[in-house]
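Results of the structural survey
One letter stands for each residue in the lines below.
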Protein chains: 2
Amino acid sequence: MKVEKAAKQLEALGNPTRLKVYRALVRAGEDGLAVGQLQDKIGIAASTLSHHLHRLILTGLVTQERQATTLICRANYPAMDELVSYLVDECCLDACRPDERAA
Amino acid sequence: MKVEKAAKQLEALGNPTRLKVYRALVRAGEDGLAVGQLQDKIGIAASTLSHHLHRLILTGLVTQERQATTLICRANYPAMDELVSYLVDECCLDACRPDERAA
DNA sequence: GCCCTATTTCGATGTCTATCGAAATAATGC
DNA sequence: GCATTATTTCGATAGACATCGAAATAGGGC
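Here's what I pulled together on the structure shown here. The structure presented is a predicted model; accordingly, all values stated were derived computationally and were not measured. (Residues numbered from 1 in each chain as written. Chains lettered and ligands numbered in written order. Predicted model: local features only at pLDDT ≥ 70, side-chain atom pairs only at ≥ 80, totals over all residues. Heavy atoms only, no water.)

Considering the pairing of strand β2 (residues 62–67) of chain A
All names here are of chain A.
- One ladder, built from six bridges, connects β2 with strand β3 (residues 70–75); its direction is antiparallel. Each bridged residue has a counterpart across the sheet, and for Q64 the counterpart in β3 is C73.
- Here β2 folds back onto β3 in antiparallel fashion, the turn holding two residues, of which A68 has a positive phi close to 60°. (Pairing = 2+ DSSP bridges. Helix = DSSP H or I, 4+ residues; strand = E, 2+ residues; numbered from the N terminus.)

In structure tokens form, the structure reads like this:
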């Protein structure tokens, strides 16, 4: 993963509203949550939520699937896994895995 | 860890320049790097670097220690460890540790 | 084809961010 | 206490962001 991509994803998660959205989606699991359900949970204007979702989708952290008139949002686990791996491998190796310390 | 604190730290890392700074500091290990060395590595104005360092320090991800006229910067590993733990435990449990899946 | 619900896009606004150069501060050595 | 080096603070500027309400769009049922 390039540093720019990682930074983009971190920036996407680095907003309390978006982190709450992402957290809610993770907790919802495979069923995901409709945009409207997210709005109820988080309590912001629909347009604002749509904007934040757009940013999360652009970075690949969230996916959407249409079911009739509602849009189901889901956390894209592999993307987060890749991001955490980047942080651990590239940025935190010494602290988290002393025995794997690189040259 | 509260969601606001995690978001603040993610936001701090969610800028390419700051992520490069942090990465350089991690790679420098316990010796750390002087502000001037960081500036040489990254190639931005001293004032800009100072601004970014300030943000990283405010979130606790970086520490500074003065050695004579130079300021040594170091990555604060426990902070990153805590942040990654938050992401894994609160936001990525299902994907990363299926056997520890919470209720 | 029209209505209803769900969601996005538009337009506007205030706040925050990144960046720079210049000037100010800090710490040391002489 | 002055010069030197290292770093921060100041002031300015251009661009990005978060937020809202209103209007537009999408999809489906009648």
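Resuming the write-up.
As for the relation of the copies chain A and chain B
- Of the transformation placing chain A onto chain B, the axial shift is 0.0 Å and the rotation is 180°, giving an RMSD of 0.0 Å. The superposition operator between the copies reduces to a two-fold rotation axis.
- Taken as a fraction of all interface residues of chain A, those also at the interface in chain B reach 100%, which identifies the copy contact as same-surface. (Least-squares fit on C-alpha atoms with pLDDT ≥ 70 in both. Contact = heavy atoms within 4.5 Å.)

Concerning the protein's contact with DNA strand C
- Residues in contact with DNA strand C amount to 24 residues; listed here are only the nearest, G36 and S47 of chain A together with S47, T48 and H52 of chain B.
- In this structure, G36 of chain A approaches DNA strand C through a main-chain N or O atom, which is 2.7 Å from a phosphate oxygen.
- Between DNA strand C and H51 of chain B, the relevant distance is 3.3 Å, taken from a phosphate oxygen to a side-chain nitrogen or oxygen of the residue.
- For the surface near DNA strand C, the secondary structure elements donating two or more residues are α3 (35–42), α4 (46–58) and β3 of chain A together with α2 (16–28) and α4 (46–58) of chain B.
- Among the elements that make up the surface near DNA strand C, the one with the highest residue count is α4 of chain B (five residues). (Near = heavy atom within 4 Å. Polar contact = N/O pair within 3.5 Å; in protein donor to acceptor, adjacent residues only side chain to side chain.)

Some words on the interface of chain A and chain B
- Listed as interface residues are 29 residues of chain A and, on the opposing side, 29 residues of chain B.
- Of the roughly 2600 Å² buried where chain A meets chain B, counting both sides, 73% is carbon and sulfur surface.
- On the surface where chain A and chain B come into contact, there are two salt bridges.
- At the junction of chain A with chain B, the criterion picks out zero residue pairs in polar contact (both at pLDDT 80 or more).
- Among the secondary structure elements, those contributing two or more residues to the side of chain A that touches chain B are α1 (3–13), α2 (16–28), α5 (77–91) and α6 (93–96) of chain A. (Buried area = accessible area lost by both parts, 1.4 Å probe. Salt bridge = Lys/Arg side-chain N within 4 Å of Asp/Glu carboxyl O.)

So, the protein's contact with DNA strand D
- Around DNA strand D, a shell composed of 24 residues is seen, among which S47, T48 and H52 of chain A together with G36 and S47 of chain B lie nearest.
- One nitrogen or oxygen atom from the side chain of R18 of chain A is found 3.1 Å from a phosphate oxygen belonging to DNA strand D.
- Note that a phosphate oxygen of DNA strand D is positioned 3.4 Å from one of the side-chain N or O atoms of Q64 of chain B.
- Residue assignment for the surface near DNA strand D shows that the elements contributing at least two residues are α2 and α4 of chain A together with α3 (35–42), α4 and β3 (70–75) of chain B.
- In terms of residues, the surface near DNA strand D owes the most to one element, α4 of chain A, which gives five residues.

Thoughts on the packing of α2 of chain A against α3 of chain A
Residues and elements named next belong to chain A.
- Running from N to C, α2 and α3 cross one another at 120°; their axes reach a closest spacing of 11 Å. Looking at the two axes, α2 sits oblique to α3. Note on packing geometry: the crossing formed by α2 with α3 is right-handed. Along the contact surface, α2 presents T17, K20, V21, A24 and L25, while α3 presents L38, K41 and I42.
- Among the residues making up the contact of α2 with α3, the classes are represented as five nonpolar, one polar and two charged. (Axes fitted to C-alpha atoms, helices over the stretch in contact; angles between N-to-C directions. Parallel < 35°, antiparallel > 145°, perpendicular 65-115°, else oblique. Left-handed = near helix turned anticlockwise from the far one by under 90°. Nonpolar A, V, L, I, M, F, W, Y, C, P; charged D, E, K, R; others polar.)

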